[in-house]
Amino acid sequence: MIDADIIQPTSSNNDYVSRLTTLDLDESPMIEQIARLIREMFDLSAVFISLSGAEGHAFYHVLGLPTTLSITEQKSILAILSEPVITTSATNYVQDTRQNSQLRDTLIVNQLGILSYVAVPLTTAEEHVIGVLGVMDNKPRDWTDEDMGLLKNHAMLIVLELEQQSQHKMQVDTHQALQIAYQQTWDTLDSIRDAFFTIDNHWQITYINKAAQVFIQTEEHRLDIQKAFPENVAHAFKKAHDRVIKSNKPASFTEYHDPLAVWFEVRIYPHKSGVSVYFRDVTDHKHAEEVIRDALIREIELNELKSRFVSMASHEFRTPMATIQASVQSLERYHDRMTEEQKAKRYQKIRNQIAHMTSLLDDVLIIGKIEANAIEINPEIINLNGYTQSIIEEFQDMGIEHLIIYACDEPDDVEIFADTHLLHRILTNLISNAIKYSPDKSPIHVDINKKDDLVTFTVKDEGIGIPEEDHTKLFTKFFRASNVTGIPGSGLGLAITKHAVERHGGSVSFQSKVDEGTTFTVDFPLYTH
């Protein structure tokens, strides 16, 4: 103990406080053990515990300061570090003493090389400050809320130990008091939410808290990382551990613990006899990162979709508008000279181009709903035979020059449960593609067949076919085969068709050869009463 008279109490202490502050802490192994535990846990340069009583202020359990310091020098350190805490009853800390105008020219920095410290008041339950727990480090340090909480817990343990000793003088068994205080120390460590353990340089576990025991689950005193952790965690742990031992600097890594379905952020800190290890569950954080990453990808895809739409719209709308404009001008200028048949052809061109642009806009709206997962399904029982015939009649009314050959093996027994709007999209997209990409007057075969619990809808043409290298991309939004130059189209129809078919529990496939034709096949689940 080193007595000092540099700080006098500012209030009159009662007998209870006097008993605490006059205890000889040098005879308390528990206090020394707590001091050593604090120093090891935080890898500190020095730790001290001091008491302030009627006789003045005194150092106890000074760990890490040079023994060659004179009494005057130790009093000076005590005044600088303890006086603000005793005066204000509040924790005092400095992250970098070199940046502190009151400290940078003192022996704390210049002689001892202390660059950061925390001084925590030792406060009784009655809020009497009886001393100070001080910790010092020879490097700048960012003291976290968790660090402060642990130091305050240990300060509380120190006060509890003082109270236990005082009670011993008043007939409380010292051995029992030390055991309680000792257990409270480990309870404090066990209260840490993160898994924490320490191992020495021979991989012997020197401490492991309850959170760590849950997933390490080892009954051995030696840590076998191959048994304790999954392979990926064990590999990362070994690399980080070796890096810490070699550099004497902290290291960290993040890995997925598959048996626990948990992401852990692991931090390893060096100390003189080994390392301290923290495992922190960051699963929620990783999930949040995934959500943000998915949102970013979706935003990129949406921007690309917008860009493709602008490119497609500027190209696909130009030709219909030009056709409409030409037809209108012809009707305006030569109306009196035209026969009724010529007028009808102009009007039909206008109607066809308006229908084409309307279809393009509908495709874009549907793609937007698909991207937003907002497609609504309102299914009803539909006889695919009758519905297909009505679709074919729509095409024939448009004056197409192709011959549509239709066949259905069981006209009265091909019912499906489908949304009429989406079904109309599916059938018209496939038939219109067959017409668009095959020569005039060539046949288009449309067949409906029933097999087991499926109804198969097939459209076959004798057109230009699809290059083999384009097969894998054919259902991608805005994609068009490399051999369709000069043929209008948005590249959306097949993407919509595939999505609509799959929303009905069906599937779509195709076979195609260049210059021979293409066959699209759609399988719908058969509706059974």
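It should be noted that the structure appears before, not after, this text.
In this numbering scheme, every chain counts its residues from 1 along its sequence in written order. Per-residue local features are limited, in this predicted model, to residues with pLDDT of at least 70; the limit for side-chain atom pairs, both in listing and counting, is 80 or more; totals at the level of whole chains, interfaces and linings are taken over all residues. Side-chain numbers here rest on the full set of heavy atoms in the structure, without hydrogens or water.

### Looking at the packing of helix α14 (residues 420-436) against helix α15 (residues 493-503)
Operational definition: Lines are fitted to the C-alpha atoms to define the axes, a helix being fitted only along its stretch in contact, and any angle between axes, read from their N-to-C directions, falls within 0 to 180 degrees. A helix here means a DSSP run of H or I that spans at least four residues, while a strand means a run of E at least two residues long, and both kinds are numbered starting from the N terminus. Here is the rule for angles: anything less than 35 degrees is roughly parallel, anything more than 145 is roughly antiparallel, 65 through 115 is roughly perpendicular, and the remaining ranges are oblique. By definition, turning the near helix anticlockwise from the far helix through less than a right angle yields a left-handed crossing, and turning it clockwise yields a right-handed one. Residues are treated as being in contact if the distance between any of their heavy atoms lies within 4.5 Å.
Running from N to C, α14 and α15 cross one another at 140 degrees; their axes reach a closest spacing of 9 Å. In terms of their interaxial angle, α14 and α15 are classed as oblique. Crossing of α14 over α15 shows left-handed handedness. Side by side, α14 and α15 meet where Leu422, Arg425, Ile426, Asn429, Leu430 and Asn433 of the first sit next to Gly493, Leu494, Ile496, Thr497, Ala500 and Val501 of the second.

### Let's talk about the sheet that holds strand β13 (residues 403-408)
Cut-off, in case you're wondering: At least two DSSP bridges between two strands are required for those strands to pair.
The strand order across the open sheet built from five strands is β13-β15-β16-β18-β17, with neighbouring strands paired in mixed fashion. The open sheet terminates on both sides in strands that have one partner only, identified here as β13 and β17 (507-513). Strand-to-strand twist of the sheet, defined as the mean angle between neighbouring strand axes without regard to direction, takes the value 15 degrees. Sheet topology places strand β15 (residues 443-451) next to strand β16 (residues 454-460); seven bridges connect them, and they run antiparallel. Its bridge partner lying in β16, Lys451 is registered against Leu454. Most of the contacts of helix α13 (residues 384-397) go to β13, to which it runs at about 175 degrees, and overall it touches β13, β15, β16 and β18 (517-525).

### As for the sheet that holds strand β10 (residues 262-271)
Strands sit in the order β8-β7-β11-β10-β9 across an open sheet of five strands; the sheet is antiparallel. Every interior strand has two partners, whereas the edge strands, β8 (205-208) and β9 (251-257), have only one. In this sheet, adjacent strand axes meet at a mean angle of 20 degrees when their direction is disregarded. Relative to β10, β9 runs antiparallel, the two being bridged by seven bridges. For Phe253, the partnering residue across the bridge sits in β10 and is Val266. The sheet contacts of helix α9 (residues 231-247) involve β7 (195-200), β9, β10 and β11 (274-281), and relative to β9 the element is tilted by about 175 degrees.

### Topic: the pairing of β15
As judged from the six bridges shared by β13 and β15, these two strands associate in the parallel manner. The residue of β15 that forms the bridge with Ile405 is His445. Hairpin connection from β15 to β16: two residues lie between these consecutive antiparallel strands, with Asp452 at a positive phi of about 55 degrees.

### Examining the pattern of salt bridges
Selection criterion: Every case where a carboxyl oxygen of Asp or Glu lies within 4 Å of a side-chain nitrogen of Lys or Arg is listed as a salt bridge. Relative accessibility thresholds used throughout: buried, under 20% of the residue-type maximum; exposed, over 50%; partly exposed, between the two (1.4 Å probe, protein chains only).
With the rule as written, the count across this model stands at 12 salt bridges. Between Asp137 and Lys139 there is a salt bridge whose closest N-O contact spans 3.1 Å. The exposure class assigned to Asp137 is buried, which follows from its relative accessible area of 1%. Taking the relative accessible area as the measure of exposure, Lys139 reaches 37% and is therefore partly exposed. Arg141 is the salt-bridge partner of Asp137, the closest N and O atoms lying 2.8 Å from each other. Three or more residues are tied together by salt bridges with common partners; here these are Asp137, Lys139 and Arg141.

### Section: the nonpolar core
The cut-off we apply is this: Residues belong to one nonpolar core when they are buried, are Ala, Val, Leu, Ile, Met, Phe, Trp, Tyr or Cys, and are joined through side-chain atoms within 4.5 Å.
Counting residues in each nonpolar core, the largest one holds 48 residues, and the members touching the most others are Leu384, Leu423, Ile431 and Phe457. It is α14 that provides the largest number of residues to this core, a total of eight residues. In contact with Leu423, not counting residues within four places along its chain, are Ile382, Leu384, Tyr387, Ile416, Ala418 and Phe524. Counting residues in hydrophobic clusters, the runner-up holds 34 residues, among them Phe42, Val120, Ile158 and Phe196.

### Concerning helix α2 (residues 29-42)
Which entries qualify depends on this criterion: To estimate the expected span of a helix, count its residues, drop one, and scale the result by 1.5 Å. As used here, the arc belongs to the directions running from the helix axis to the C-beta atoms.
Taking 1.5 Å of rise per residue, 14 residues should cover 20 Å, and α2 covers 20 Å from first to last C-alpha, within 8% of that figure. Residues of α2 that are buried include every one of Met30, Ile31, Ile34, Ala35, Leu37, Ile38, Met41 and Phe42, and no others. Viewed end-on, α2 has its buried residues packed into an arc of 160 degrees, placing them on one side of the element. Downstream of α2 by a residue or two, Asp43 has a phi angle that is positive, lying close to 55 degrees.

### Describing the packing of aromatic side chains
The following threshold applies: Between 30 and 60 degrees the pair is tilted, below 30 it is stacked and above 60 it is edge-to-face, where a pair is any two Phe, Tyr or Trp rings, Trp via its six-membered ring, whose centres lie within 6.5 Å.
Taken as a whole and assessed by the stated rule, the structure comprises 14 aromatic pairs. With a centroid separation of 5.4 Å and an interplanar angle of 25 degrees, the aromatic rings of Phe229 and Phe279 are classed as stacked. Of this pair, Phe229 sits in the loop between α8 (225-228) and α9 while Phe279 sits in strand β11, placing them 50 residues apart in sequence. A residue is classified by how much of its surface remains accessible, and Phe229, at 4% relative accessible area, is buried. For Phe279, a relative accessible area of 1% gives the class buried.

### Brief notes about α14
If you check α14, its first and last C-alpha atoms are 23 Å apart, about what 17 residues at 1.5 Å a residue would give, namely 24 Å. Within α14, 12 of the 17 residues are buried, leaving the element largely enclosed by the surrounding structure. For α14, the complete set of buried residues consists of Leu422, Leu423, Arg425, Ile426, Leu427, Thr428, Asn429, Leu430, Ile431, Asn433, Ala434 and Ile435.

### Points about the packing of α13 against α14
Helix-helix packing is characterised by the crossing angle of the two axes and by the distance between the axes. Viewed as axis vectors pointing N to C, α13 and α14 meet at an angle of 50 degrees, and their least axial separation amounts to 10 Å. In terms of their interaxial angle, α13 and α14 are classed as oblique. Remark: the crossing between α13 and α14 carries right-handed chirality. On α14, the residues touching Leu384, Tyr387, Thr388, Ile391, Ile392, Glu394 and Phe395 of α13 are Thr420, Leu423, His424, Leu427, Thr428, Ile431, Ser432 and Ile435.

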